[in-house]
Amino acid sequence: DILEEDPRVQAALLVAIQQESEAARSSAAVQSRRASQELRENKRLSLQAFHARVRETPQRRWQCHSDKGWADFGEAEQQMLHVALLAGRYHFRFEARGHRYEIFLDRQLQRNIATGKER
């Protein structure tokens, strides 16, 4: 058989196989880059849509209860609570006025992490 005997034919076949393999790898790399670009673009669009939703949704005033009574959280905490609620996060921790709190929005509960006191 000429394919088995002629080294030139074998070399040509080897080159053809290598080219096919390189073309397949190149095509896979292009597809992977396209998929990554699409994913980044989808994330960017989703983030833009979420930011628009945050801006368009009326913001509530969030308060905490202390020994002195009810008090508004600061503006940074207000924004964080607003964004968390819109993002579907109902449980998180943060620090305000020198105290660390754990917040459960779904249960409307605040817990002082240091003392365990709940309100």
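The numbering scheme is per chain: residues are counted from 1 as the chain's sequence reads. Owing to the predicted nature of the model, reporting of local features is limited to residues with pLDDT of at least 70; listing and counting of side-chain atom pairs is limited to 80 or more, with chain, interface and lining totals taken over all residues. Side-chain calculation: all heavy atoms of the structure are included, whereas hydrogens and water are not.

### Considering the pairing of strand S1 (residues 63-66)
Every regular strand shows the same layout, with side chains that alternate between the two sheet faces. We count it as follows: Pairing between two strands is assigned when DSSP locates at least 2 bridges connecting them. Numbered from the N terminus, helices here are DSSP runs of H or I no shorter than four residues, and strands are runs of E no shorter than two.
Taken together, the four bridges between S1 and strand S2 (residues 69-72) define a ladder with antiparallel strand orientation. Residue Cys64 lies in a different strand from S2, and its bridge partner there is Ala71. What sits between the antiparallel neighbours S1 and S2 is a turn of two residues.

### Focus: the sheet that holds strand S3 (residues 91-96)
Stated formally: All axes here are fitted lines through C-alpha atoms, helices being fitted over the stretch that makes contact, and every angle between N-to-C directions spans 0 to 180 degrees. Any two residues whose heavy atoms approach within 4.5 Å are treated as being in contact.
Overall, antiparallel pairing links the three strands, which are arranged S3-S4-S5 in an open sheet. What marks the edges here is a single partner per strand, and that holds for S3 and strand S5 (109-112). Each neighbouring strand pair of the sheet contributes to a mean axis angle of 25°, computed without reference to strand direction. Pairing between S3 and strand S4 (residues 99-104): six bridges, direction antiparallel. Within S4, the residue paired with Glu95 across the bridge is Arg100. Against the sheet, helix H3 (residues 75-86) contacts S3 and S4, and its axis sits at roughly 175° relative to S3.

### A closer look at the side chain of Glu77
Put simply, the rule is: Exposure classes here rest on a 1.4 Å probe applied to the protein chains alone. A residue is buried below 20% of its type maximum, exposed above 50%, and partly exposed in between. The term polar contact refers here to a pair of N or O atoms within 3.5 Å; inside protein, the definition further demands a hydrogen-donor-capable atom paired with an acceptor-capable atom, and it admits residues adjacent in sequence only when both atoms are side-chain atoms.
With respect to the helices and strands, Glu77 occurs in helix H3. Overall, Glu77 belongs to the buried group, its relative accessible area being 16%. From its side chain, Glu77 meets the backbone nitrogen of Gly74 in a polar contact 3.1 Å long. Apart from residues no more than four positions distant in its own chain, Glu77 is found in contact with Phe94, Glu95 and Ala96.

### What about H3?
As a reminder, the rule being used: In a helix, the anticipated span is given by 1.5 Å times the number of residues less one.
Counted at 1.5 Å a residue, the expected span for H3 with its 12 residues is 16 Å, and the 17 Å between its end C-alpha atoms agrees. Taken together, the buried positions of H3 are occupied by Glu77, Gln78, Leu81, His82, Ala84 and Leu86. Gly88, located one to two residues past H3, shows a positive phi value of around 85°.

### Things to note about the nonpolar core
Worth spelling out the cut-off: What is meant by a nonpolar core is a set of buried Ala, Val, Leu, Ile, Met, Phe, Trp, Tyr and Cys residues, joined one to another through side-chain atoms within 4.5 Å.
In terms of nonpolar packing, the biggest core is built from 11 residues, these being Trp62, Cys64, Phe73, Leu81, Ala84, Phe92, Phe94, Ala96, Tyr101, Ile103 and Leu105. Counting only elements with at least two residues in this core, the list comes to H3, S3 and S4. The element best represented in this core is S3, accounting for three residues. In this view, Phe73 contacts Arg61, Trp62, Gln63, Cys64, Gln78, Leu81, Phe94, Ala96 and Arg97; residues no more than four positions away in its chain are not counted.

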